Amino acid sequence: MRNRSFRYGICTLLLCGAMLWSGAGEARAEIGELSGPAFSMGDYIVTVEEGVHPVYVSMDSYDILKEACEGENYVILSDEGDGWMEIQVGSGSGYLSVKDEGISVVEKAELEASEAAAAAEIQRQADISSSRRQELVNFALQFLGGRYRAGGNDPHSGVDCSGFTRYVMQYGAGVSIDRSSGAQSQQGTDVSAEQMRPGDLIFYGNGSRINHVAMYIGNGQIVHASTYKTGIKVSPWNYRAPARIKNVLGD
């Protein structure tokens with residue numbers, strides 16, 4: 001019913017003939033035994049790189065068991081020849097053509113090594129980001145007790161709320177942002193209260209107008225140039241109802 005003009009298998013796709021075919025006419029072994037031409041069940045994985053591909057109930061049916069979607073991986077149970085693989089689907093199995101574009105066959109060990117490397121890189125980037133953000137927090141906290149001054153741009157001599165966040169971002173993280181709190185609130189990426197991390201900016205306002213900005217430092221606290229009376233201080237992040245939270249660090 002489907003044109004299968006030539007046979008090929010795992011050895012053709014991956015090992016370029018290094019593995020020997022055990023015989024095209026050999027009957028398919030049961031799950032758990034050696035199956036397919038010269039490989040053990042579970043040694044290879046079908047990985048869907050792009051697109052959606054039908055997984056059939058059997059080799060002789062057009063009935064679709066499920067669709068294999070981008071990002072999914074399936075253990076190969078046996079090589080049925082002509083590009084057809086029996087794959088593990090839940091507690092059962094189905095049949096998928098690996099001739100389709102967007103599908104690759106890889107060794108299980110290779111895939112696991114690749115996934116482990118990707119996970120390690122993600123963790124490395126997260127560690128770099130966390131360290132950078134903590135350094136920024138430490139930089140900002142050195143100015144606690146500094147003087148509040150309307151229009152001030154330097155916490156050493158006096159600064160207002162947006163002047164403080166602009167100075168801290170510029171000299172603590174090398175990130176340039178606008179001068180006013182309203183303009184700063186339009187920069188970066190919106191994040192939720194659940195997503196915010198140390199170094200994110202929290203904006204407060206009356207109605208639609210932003211009139212104050214602070215930097216989140218973790219543990220439910222912010223640092224900000226508050227008032228003439230208190231100067232630069234630490235407060236609970238929700239001492240006022242936040243209007244917006246922004247990541248301007250780009251990580």
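Residues numbered from 1 in each chain as written. Predicted model: local features only at pLDDT ≥ 70, side-chain atom pairs only at ≥ 80, totals over all residues. Heavy atoms only, no water.

Comments concerning the packing of aromatic side chains
For any pair of aromatic rings, geometry is given as the distance between the ring centres together with the angle between the planes.
Here is step 1 of the chain: By the definition in use, this model includes 7 aromatic pairs.
Here is step 2 of the chain: Geometrically, the ring pair formed by Phe 139 and Tyr 167 is stacked, given 6.4 Å between the ring centres and 10° between the ring planes. Here the residue Phe 139 occupies a position in helix α2 (residues 108-141), and Tyr 167 occupies one in helix α3 (residues 161-173), the gap between them amounting to 28 residues.
Here is step 3 of the chain: Through pairs of rings, three or more aromatic residues link up here, namely Phe 139, Phe 143, Tyr 167 and Tyr 171. (Phe/Tyr/Trp six-rings, centres within 6.5 Å; stacked < 30°, edge-to-face > 60°. Helix = DSSP H or I, 4+ residues; strand = E, 2+ residues; numbered from the N terminus.)

Some thoughts on the sheet that holds strand β13 (residues 221-227)
Here is step 1 of the chain: Across the sheet, 6 strands lie side by side as β10-β15-β11-β12-β13-β14; this open sheet has antiparallel pairing. Edge strands, defined here as strands with exactly one partner in the open sheet, are β10 (189-190) and β14 (231-236).
Here is step 2 of the chain: As defined by bridge partners, strand β12 (residues 209-218) adjoins β13 across 3 bridges and the pair is classed as antiparallel. Following the sheet pairing, Gly 218 is matched in β13 by Gln 221.
Here is step 3 of the chain: Contacts from α2 reach β12, β13, β14 and β15 (242-247), with the element oriented near 110° to β12.
Here is step 4 of the chain: Together, β11 (201-206), β12, β13 and β14 form the strand contacts of α3, whose direction differs from that of β12 by roughly 45°. (Pairing = 2+ DSSP bridges. Contact = heavy atoms within 4.5 Å. Axes fitted to C-alpha atoms, helices over the stretch in contact; angles between N-to-C directions.)

Some remarks on the pattern of salt bridges
Here is step 1 of the chain: Inspection of the entire model under this criterion finds 9 salt bridges.
Here is step 2 of the chain: Of the charged contacts, one joins Asp 251 and Arg 133 as a salt bridge, the two residues approaching to 2.7 Å between their closest N and O atoms. Remark: Arg 133 occurs in helix α2 and Asp 251 occurs in the segment after β15; sequence separation between them is 118 residues.
Here is step 3 of the chain: Owing to a relative accessible area of 35%, Asp 251 belongs among the partly exposed residues under this scheme.
Here is step 4 of the chain: With a relative accessible area of 2%, Arg 133 lands in the buried category.
Here is step 5 of the chain: We note a salt bridge from Asp 160 to Arg 179, for which the minimum N-O separation is 3.0 Å. (Salt bridge = Lys/Arg side-chain N within 4 Å of Asp/Glu carboxyl O. Buried < 20%, exposed > 50% of the residue type's maximum accessible area, 1.4 Å probe, protein only.)

What to know about the environment of Trp 237
Here is step 1 of the chain: With respect to the helices and strands, the residue Trp 237 is situated in the loop between β14 and β15.
Here is step 2 of the chain: Once the C-alpha coordinates of Trp 237 and Ile 217 are considered, the two residues, 20 residues apart in sequence, prove to be 8.9 Å apart.

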